[in-house]
Amino acid sequence: MDLKKLSIFLKENDIPAFRLNQVRDAVYKNFAASWDEIPVLPAALRDRLRHGIHIHSVDTLDTLVSKKRDAIKFCFGLKDGLKIESVLLKLMSEKWSLCVSTQVGCPVRCPFCATGKKGLKRNLSPDEISDQFLAAAHYLKTRGTQKIGSVILMGMGEPFLNYDSVAEAMRTMADPELIGLGQRHISVSTAGHVPGIRRFAKDFPQCNLAISLHAAEDRLRTDLVPLNRTYPLPQLAKALKDYIFSTKRRVFVEYVLFEGVNNSRTQVARLNAWLRTVAAPKYFVVNIIPYNRTGGPYKAPTRERVKLFAELLEATGIEVTIRKSMGEDIEGACGQLAGK
Ligand code: SAH
Ligand code: SF4
């Protein structure tokens with residue numbers, strides 16, 4: 001929520017400043033989403049606020065729950081009519097992980113990604129990013145289910161092309177007086193924006209970094225992730241090397257598998273060799289994501305071929321996980337977010 005705007009509103013209306021803290025706690029700690037859910041405020045004040053201030057900058061238009069109940073997709077409306085999506089995922093733990101969007105659309109235009117298909121509409125504001133958390137937390141609270149334990153900035157958009165807003169939203173999420181997730185429970189996924197990786201290493205050394213690699217050879221990677229033209233693999237390797245040196249943290253490498261494109265034995269060897277130019281294997285976890293269909297020419301490998309790729313890579317000494325696809329039936333899986 002826009003606390004600055006609220007603070008000005010309170011001053012202009014001669015309302016004592018302690019009301020600001022009451023609202024802040026109600027919204028960020030108890031996930032109140034309407035003024036009526038904040039009964040400590042006098043009714044007359046709630047009436048005035050209702051007409052002057054929005055609690056959330058995003059409105060929940062729709063929620064879809066997957067058949068297995070392990071994914072919940074939210075469609076949010078912004079105040080200018082555009083739409084974005086967030087997805088709650090039950091990963092390993094009992095708690096939920098929330099995947100949030102950082103842009104409406106995405107300018108990088110990876111050919112396999114539904115978000116990239118329409119290009120960039122606009123950047124999200126800091127509140128539009130952190131309010132996705134507040135709205136999802138409100139939804140869970142009203143249904144009495146487990147809480148959100150971590151956030152991944154891996155929804156629509158390239159986070160580092162909207163760095164300042166993303167950084168402010170992350171501070172809101174980490175701030176103990178606001179959302180209060182520890183930095184270690186916040187992850188950012190980038191398509192390989194080198195200046196962003198460098199700033200992130202300085203600003204958020206405790207947060208997690210994921211790199212969408214998908215190929216360890218420049219020609220192929222430029223086809224799959226056009227941002228590679230601007231920041232080719234040698235530059236990316238140098239940035240990651242410096243990141244690992246200064247933060248001492250592991251890097252999560254995302255590798256979407258496309259049959260006949262990037263899943264051969266040679267490509268396992270190339271991936272292993274490239275990672276070793278960056279750092280020792282213990283600094284990486286490679287997350288294999290079988291391609292989720294979004295239309296277009298790409299095909300997902302069979303389950304056996306996915307397993308084979310993972311085993312070959314594991315044999316080189318690198319930790320590998322295979323992402324189980326979640327929320328495919330609600331188009332909430334990786335790359336399927338299109339803000340329809
Ligand atoms: N722009 C950032 C974060 C959002 S994309 C990035 O690219 O990292 C989040 C992840 O979903 C990326 O790893 C991306 O490569 C992956 N993804 C996109 N489309 C996909 C698809 N159709 N199937 C599987 N993964 C996909
Ligand atoms: Fe943008 Fe990431 Fe989709 Fe590529 S995969 S178009 S960078 S959101």
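Right above here is the structure, for reference.
Just so we're clear, the structure is a prediction, and the values are computed from it rather than from any experiment.

Participant: Explain the side chain of Gln103 to me, using residue names and the numbers behind them.
Facilitator: Tracing the backbone through its elements, the reader meets Gln103 in strand β5 (residues 103-105). Separated by 2.9 Å, the side chain of Gln103 and the backbone nitrogen of Glu158 make a polar contact. Once you skip the residues sitting within four places of it in the chain, Gln103 turns out to touch Ile84, Leu120, Arg122, Asn123, Leu124, Met156, Gly157, Glu158, Leu161 and Asn162.

Participant: Any details on the site of ligand 2? Residues and values, ideally.
Facilitator: Lining the immediate surroundings of ligand 2 are Cys106, Val108, Arg109, Cys110, Cys113, Gly116, Gly157 and Ala191. Its residues placed into classes, the shell around ligand 2 shows five nonpolar, two polar and one charged.

Participant: Give me helix α2 (residues 18-28): which residues, what numbers.
Facilitator: Those residues of α2 that sit buried are Arg19, Val23, Arg24, Ala26, Val27 and Tyr28. Elements in contact with the buried residues of α2: α1 (3-12), α3 (43-52), α4 (126-142) and α5 (163-174).

Participant: Account for the site of ligand 1, naming residues and giving values.
Facilitator: In the vicinity of ligand 1, 19 residues are found, and the nearest of them are Gly157, Ser189, Ser212, His214 and Asn292. The separation between a nitrogen atom of ligand 1 and a polar main-chain atom of Gly157 is 2.9 Å. Within the side chain of Ser212, one N or O atom sits 2.6 Å away from an oxygen atom of ligand 1. Summarising the interface, the protein chains cover 95% of the accessible area of ligand 1, which totals 530 Å² for the free molecule. Only β8 (186-190) and β10 (251-257) provide two or more residues apiece to the shell around ligand 1. Classifying every residue of the shell around ligand 1 by side-chain character gives eight nonpolar, nine polar and two charged.

Participant: An account of the pattern of salt bridges is needed here, citing residue identities and associated values.
Facilitator: The full count for this structure, using the stated rule, is 16 salt bridges. Among the salt bridges present, the one from Asp242 reaches Arg198, with a minimum N-O distance of 2.9 Å. Highlighted residues: Asp242 in helix α8 (residues 233-247) and Arg198 in helix α6 (residues 194-203), separated in sequence by 44 residues. Classification of Arg198 by relative accessible area gives partly exposed; the value is 33%. Here Asp242 makes a salt bridge to Lys238, at a shortest N to O gap of 3.1 Å. Here Asp242 and its partner Lys238 are both found in helix α8, four residues apart, which amounts to about one turn of the helix. Note on Lys238: relative accessible area 44%, which makes it partly exposed.

Participant: Residue-level account of the sheet that holds β10, with values.
Facilitator: Strands sit in the order β1-β2-β3-β4-β7-β8-β9-β10-β11-β12 across an open sheet of 10 strands; the sheet is mixed. With partners counted over all chains shown, the strands left at the sheet margins are β1 (58-65) and β12 (319-322), one partner each. Between one strand axis and the next, the sheet turns through 25° on average, direction left out of account. Bridge count between β10 and strand β11 (residues 284-290): seven bridges; the pairing is parallel. Within β11, the position partnered with Val253 by the bridge is Val286.

What counts, and where the lines are drawn
- Residues numbered from 1 in each chain as written.
- Chains lettered and ligands numbered in written order.
- Predicted model: local features only at pLDDT ≥ 70, side-chain atom pairs only at ≥ 80, totals over all residues.
- Heavy atoms only, no water.
- Helix = DSSP H or I, 4+ residues; strand = E, 2+ residues; numbered from the N terminus.
- Polar contact = N/O pair within 3.5 Å; in protein donor to acceptor, adjacent residues only side chain to side chain.
- Contact = heavy atoms within 4.5 Å.
- Near = heavy atom within 4 Å.
- Nonpolar A, V, L, I, M, F, W, Y, C, P; charged D, E, K, R; others polar.
- Buried < 20%, exposed > 50% of the residue type's maximum accessible area, 1.4 Å probe, protein only.
- Areas by Shrake-Rupley, 256 points an atom, 1.4 Å probe, with all protein chains shown as cover.
- Salt bridge = Lys/Arg side-chain N within 4 Å of Asp/Glu carboxyl O.
- Pairing = 2+ DSSP bridges.
- Axes fitted to C-alpha atoms, helices over the stretch in contact; angles between N-to-C directions.

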